[in-house]
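A closer look at the structure
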Amino acid sequence: MEVLRRGGLVGLPTETVYGLAADAENELAVRRIFAVKGRPSTHPLIVHLANVDAVRTWVARLPPEAEALAAAFWPGPLTLVLPRSTRASDTVTGGQGTVAVRVPAHPVAQSVLAAFGGGLAAPSANRFGRVSPTRAEHVVADLGGDVDLVLDGGPSRVGVESTIVDLSGPAPALLRPGGVTREALEKVLGGPLPNRATNDVRAPGMLPSHYAPRAGLVLANRSEAAGLAAELLSAGRRVAVCAPEGLATPPGAVHLAVPEDVPGLARSLYQLLRSVDAAQVDVAVVVVPEEAGLGLAVLDRLRRAAAPRGPG
Ligand code: TXA
Ligand code: MG
């Protein structure tokens with residue numbers, strides 16, 4: 001707590017991924033988050049709070065949809081974008097009129113927030129554009145001495161970031177698929193939750209290339225994976241195949257086993273991307289899940305990880 005009160009940065013376990021947390025009302029501390037991540041200062045941060053009553057002080061108003069979603073999914077892997085109150089500074093919101101808020105479920109995050117009392121701004125605790133951390137060791141490996149304290153809360157239970165729903169416009173919109181499925185949200189909202197069509201690069205998780213390992217990724221169906229891997233091998237590439245245990249892979253390829261179930265795949269997704277790099281291959285063929293439920297978030301991250309890299 002001392003570390004947070006004096007403006008330090010804490011590696012904080014949440015049920016989605018580890019966050020790089022700082023006092024959301026300390027300008028210098030929030031600026032340090034951007035500096036350490038190497039993240040453009042116009043990309044807004046999520047403010048983490050202990051409960052929905054704490055959220056009320058950070059937003060101008062909580063519309064009925066927000067009350068309903070909060071009751072159904074908080075604490076949990078859901079972030080809501082709402083009109084901000086004066087408590088949310090331009091530094092946190094990237095100068096926008098809205099603020100992103102979330103009540104995380106992880107017991108360590110919960111107890112830190114309860115003891116701290118205020119809001120904690122926390123992006124995922126990785127350098128900009130890189131793979132998100134789902135274990136304390138990942139934070140230490142990626143950020144090293146740039147973080148003042150890392151709390152070890154074990155492996156993240158969900159494994160992909162929170163779902164972001166924008167409730168600041170005329171109708172709810174999905175900004176980022178994540179730990180709460182679109183189907184579950186639509187059930188509570190009582191209607192369809194469309195994607196917000198946007199080219200707004202202020203949302204880094206929405207950049208085409210993000211969450212990226214160093215090796216190239218090729219996404220494949222179960223039936224095409226072995227053939228694709230064989231082609232890449234014969235072209236002289238070092239190849240990994242990320243697929244469930246039972247799937248046959250061509251000799252010469254490294255087989256990285258992934259869980260058969262989608263929640264298991266989501267939980268181990270970022271560890272898998274790290275293993276791809278550790279295997280020192282040029283390219284990994286990844287067998288993808290159906291694009292439904294939690295599979296939507298898994299596919300979203302895999303597509304961004306597979307996207308052509310921009311500069312840097
Ligand atoms: O699961 C998570 O959400 C994790 C854990 C640590 O809570 N945090 C996380 O933060 O993924 P970050 O900074 O990596 O991603 C936050 C996303 C970004 O895409 C950002 O642009 C978007 O939230 N965001 C934040 N404030 C926003 C706003 N006012 N309007 C639209 N998007 C916003
Ligand atoms: Mg991130």
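This is a predicted model, so every value here is computed, not measured.

Some details on unusual backbone geometry
- Pro-75 follows Trp-74 through a cis peptide bond whose omega is -5°.
- With respect to the secondary-structure elements, Pro-75 resides in the loop between α4 (64–73) and β4 (78–83).

Observations regarding the nonpolar core
- Residues Leu-78, Leu-80, Val-101 and Val-165 are the most contacted members of the largest nonpolar core, which totals 44 residues.
- Secondary structure elements with two or more residues in this core: β2 (19–23), α2 (27–37), α3 (52–56), α4, β4, β5 (98–102) and α7 (136–143).
- Of all the elements, α2 adds the most residues to this core, at five residues.
- Those residues in contact with Val-165 that lie beyond four places of it in its chain are Leu-69, Leu-78, Thr-79, Leu-80, Val-81, Pro-172, Ala-173, Leu-174, Leu-185 and Leu-193.
- If you look at the next biggest cluster of nonpolar residues, it comprises 28 residues, including Val-131, Ala-215, Leu-256 and Ala-305.

Notes on the pattern of salt bridges
- Scanning the entire structure with this criterion turns up 16 salt bridges.
- Between Glu-67 and Arg-56 there is a salt bridge, and its shortest N-O distance comes to 2.8 Å. Here Glu-67, found in helix α4, pairs with Arg-56, found in helix α3; they are eleven residues apart in sequence, far enough to count as distant.
- Taking the relative accessible area as the measure of exposure, Glu-67 reaches 33% and is therefore partly exposed.
- Taking the relative accessible area as the measure of exposure, Arg-56 reaches 35% and is therefore partly exposed.
- Across the salt bridge formed by Arg-182 and Glu-186, the nearest N and O atoms sit 3.9 Å from each other. Placement of both Arg-182 and Glu-186 in helix α8 (residues 182–189) is noted, with a separation of four residues, approximately one turn of the helix.
- Look at the salt bridges and you will find they share partners, linking Glu-161, Asp-300, Arg-301 and Arg-304 into a network.

Conventions and cut-offs
Residues numbered from 1 in each chain as written. Chains lettered and ligands numbered in written order. Predicted model: local features only at pLDDT ≥ 70, side-chain atom pairs only at ≥ 80, totals over all residues. Heavy atoms only, no water. Helix = DSSP H or I, 4+ residues; strand = E, 2+ residues; numbered from the N terminus. Core = buried A, V, L, I, M, F, W, Y, C linked by side-chain atoms within 4.5 Å. Buried < 20%, exposed > 50% of the residue type's maximum accessible area, 1.4 Å probe, protein only. Contact = heavy atoms within 4.5 Å. Salt bridge = Lys/Arg side-chain N within 4 Å of Asp/Glu carboxyl O.

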